[in-house]
Amino acid sequence: MRALQITAPGTIEVRDVPVPEIAPDEVLVRVAGAGLCHSDLHVLHLPEWPVPNMTLGHETAGHVAALGANVTGFTEGDPVLVYLVWACGVCRQCVEGRDNVCATTGGRLGLPPCPGLGPDGGMAEYIKVNARFLEPIGDLDPVRAAPLADAGLTPMHAVNGARHRLNPGATAVVIGVGGLGHVGLQILAATTGARVIAVDTSEQKLELAREHGADLVLRSDADTARRILDETSGYGVDAVFDFVGVQPTVDLATQIVAPDGALRFVGLGGGRFSYNADGETTPLPWGVDVRRSYGGTRADQRQVIDLAKQGKISIDVRTYPLADGPRAFADLEAGIVPGRAVLVP
């Protein structure tokens, strides 16, 4: 079969590899679509990668092609989504429904594994998956549904973790209306009573925000923080979701959050700020809770699948043949993919 693999730091290529052999508890999935994420770019540019010739792709959907001897609950042909978080399922955190912070497979400073970031991922014709990491998707198109495994899951978890500040009358800001941000915006619009302000540097992405229900869109510039504060009579917004995480967006987020607000950093752009245990209110007002999170839980995943089935969220998809995977990476890095790139074998 053909698979897009990272063969050396900074180098990816489509290669011929064997079709995976499945164990008794595994399922072979014929891939219909595999989403491309900025995390994949991050992996590509690491100076070292410990897994040689790893197949990329952590957003995967397709159809069951073969079942291991011990697998029940699925039949050949079933449309499925590959869940991102490959946790143990039995530790206290997993039993409590917090599998994205699994104590066994992640630990204190690590992360549970996910396909395409250790185990072989879905940018291939087939992927093997333990049956317990598959979610049925019903009538959803698996090509368009593939990004739900991260571009849907991750913002769903971020929003769910800030719902205590998203009551009717609240104001939320989405910074970065890209692959994750345009889904996060839709989740906010569909599941909260908050007024949603979208911020981006791209007019194309701001138009995407308008289409998906933003109440106000703002082109990011030196005046953005003042304009947002003016919208709240200087008090600040109840929740900020930074889907970029570079220094200018981190600065903006800290400048506009209200007292007792929720500050959620989802993007991994490397921005930072000092958080001091003193009486000053710079850079944050009193009571702000700050969180960055990994992926999401199984409950988050099922919730976002249900929203997609109800037509309340959709992912803007640009498809590329698997053979054009390197071009899709280049387009994503150039910032010319408005929603999500999806590779189709």
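What counts, and at which threshold
- Residues numbered from 1 in each chain as written.
- Predicted model: local features only at pLDDT ≥ 70, side-chain atom pairs only at ≥ 80, totals over all residues.
- Heavy atoms only, no water.
- Core = buried A, V, L, I, M, F, W, Y, C linked by side-chain atoms within 4.5 Å.
- Buried < 20%, exposed > 50% of the residue type's maximum accessible area, 1.4 Å probe, protein only.
- Helix = DSSP H or I, 4+ residues; strand = E, 2+ residues; numbered from the N terminus.
- Contact = heavy atoms within 4.5 Å.
- Pairing = 2+ DSSP bridges.
- Phe/Tyr/Trp six-rings, centres within 6.5 Å; stacked < 30°, edge-to-face > 60°.
- Axes fitted to C-alpha atoms, helices over the stretch in contact; angles between N-to-C directions.
- Polar contact = N/O pair within 3.5 Å; in protein donor to acceptor, adjacent residues only side chain to side chain.
- Parallel < 35°, antiparallel > 145°, perpendicular 65-115°, else oblique.
- Left-handed = near helix turned anticlockwise from the far one by under 90°.
- Nonpolar A, V, L, I, M, F, W, Y, C, P; charged D, E, K, R; others polar.
- Salt bridge = Lys/Arg side-chain N within 4 Å of Asp/Glu carboxyl O.

**Q** Can you tell me about the nonpolar core, naming the residues and giving the values?
**A** Leu148, Leu166, Ile187, Leu188, Phe241 and Ile313 are the most contacted members of the largest nonpolar core, which totals 45 residues. Residue assignment for this core shows that the elements contributing at least two residues are helix H3 (142-145), helix H4 (153-160), strand S9 (171-175), helix H5 (181-191), strand S10 (195-200), helix H6 (203-211), strand S12 (237-242) and helix H9 (298-309). Not counting the four nearest positions on each side in its chain, isoleucine 187 is found in contact with Gly152, Pro155, Met156, Val159, Arg163, Thr192, Val304, Leu307 and Ile313. Residues Val27, Leu84, Val85 and Leu134 belong to the second largest nonpolar core, which totals 25 residues.

**Q** For the sheet that holds strand S2 (residues 11-16), give the residues involved together with the corresponding values.
**A** Two modes of strand pairing occur in sheets, parallel and antiparallel, and in both the strands are linked by backbone hydrogen bonds. Strand order in the open sheet made by the 3 strands is S2-S1-S4, with antiparallel pairing throughout. Edge strands, defined here as strands with exactly one partner in the open sheet, are S2 and strand S4 (54-55). As defined by bridge partners, strand S1 (residues 2-8) adjoins S2 across 6 bridges and the pair is classed as antiparallel. Each residue of the ladder has a partner; that of alanine 3, found in S2, is arginine 15.

**Q** Residues and numbers for the packing of aromatic side chains, please.
**A** Scanning the model with the defined rule gives 3 aromatic pairs in all. Seen in terms of ring centroids, tryptophan 86 and phenylalanine 133 are 5.4 Å apart; in terms of plane orientation they differ by 5°. Their pairing is stacked. Of the two residues, tryptophan 86 is situated in the loop between strand S6 (79-82) and helix H2 (92-95) and phenylalanine 133 in the loop between strand S7 (126-130) and strand S8 (134-136); the sequence distance between them amounts to 47 residues. Ring plane angle 45° and centroid distance 6.0 Å describe the contact between phenylalanine 265 and phenylalanine 273, whose orientation is recorded as tilted.

**Q** Quick one: what's the story with H4, residue by residue and with numbers?
**A** Given 3.6 residues per turn, any residue in an α-helix points the same way as the ones three and four places further on. Most of H4 sits out of view: 7 of its 8 residues are buried. Turning to H4, its buried residues number three or more, namely Leu153, Thr154, Pro155, Met156, His157, Ala158 and Val159. Here the buried face of H4 lies against H5, S12, strand S13 (257-265), strand S14 (289-292) and H9.

**Q** Please provide a residue-by-residue account of unusual backbone geometry, values included.
**A** Backbone geometry follows two general trends: most residues other than glycine have a negative phi, and most peptide bonds adopt the trans configuration. Of note, the bond from threonine 282 into proline 283 is cis; its omega dihedral lies within 30 degrees of zero at 10°. Assignment of secondary structure puts proline 283 in the loop between S13 and S14. With phi around 50°, asparagine 53 is a residue other than glycine that occupies positive phi space. Relative to the assigned elements, asparagine 53 resides in the loop between helix H1 (38-44) and S4. According to the relative accessible area criterion, asparagine 53 is partly exposed, its value standing at 34%.

**Q** Requested: an account of the sheet that holds S12, with residues and values cited.
**A** One open sheet accounts for 6 strands, arranged S11-S10-S9-S12-S13-S14; its pairing is parallel. Each edge of the open sheet is held by one strand with a lone partner, namely strand S11 (216-219) and S14. Taking each pair of neighbouring strands and ignoring which way they run, the sheet shows an average axis angle of 15°. Looking at chain direction, S12 and S13 are connected through 5 bridges and run parallel. The residue of S13 that forms the bridge with valine 240 is leucine 263. Relative to the sheet, H6 contacts S10 and S11, its axis offset from that of S11 by approximately 175°. Contacts between helix H8 (residues 247-256) and the sheet are confined to S9, S10, S12 and S13, with S13 contributing the most and set at about 155° to the helix.

**Q** Kindly report on the side chain of asparagine 130, identifying the contributing residues and their values.
**A** Looking at the secondary structure, you find asparagine 130 in strand S7. In this structure the side chain of asparagine 130 is engaged in a polar contact, spanning 3.0 Å, whose partner is the side chain of aspartate 25. Excluding its chain neighbours within four sequence positions, the residues that come into contact with asparagine 130 are Asp25 and Glu26.

**Q** Explain the packing of helix H7 (residues 224-231) against H8 residue by residue, including any values.
**A** Where H7 contacts H8, the axes come no closer than 10 Å and their chain directions differ by 25°. Here H7 is positioned roughly parallel relative to H8, judged by the angle of their axes. Our pair here, H7 against H8, has a crossing hand that is right-handed. For the pair H7 and H8, contact is made by Thr224, Ala225, Ile228 and Leu229 and by Leu252, Gln255 and Ile256, respectively. Across the contact of H7 with H8, the residue classes break down as 5 nonpolar, 2 polar and no charged.

**Q** An account of the pattern of salt bridges is requested, with residue identities and associated values reported.
**A** Under the definition given, this model contains 15 salt bridges. The shortest N-O distance in the salt bridge between glutamate 135 and arginine 302 comes to 2.8 Å. In this pair, glutamate 135 sits in strand S8 while arginine 302 sits in helix H9, placing the two residues 167 residues apart along the sequence. When its relative accessible area of 5% is taken as the criterion, glutamate 135 is described as buried. When its relative accessible area of 44% is taken as the criterion, arginine 302 is described as partly exposed. Across the salt bridge formed by aspartate 324 and arginine 327, the nearest N and O atoms sit 3.2 Å from each other. In this structure aspartate 324 comes out as partly exposed when scored by relative accessible area, which is 28%. Arginine 327 sits in the partly exposed class, given a relative accessible area of 42%. Salt bridges here are not isolated pairs; linked through shared partners, they connect Arg92, Glu96 and Arg98.

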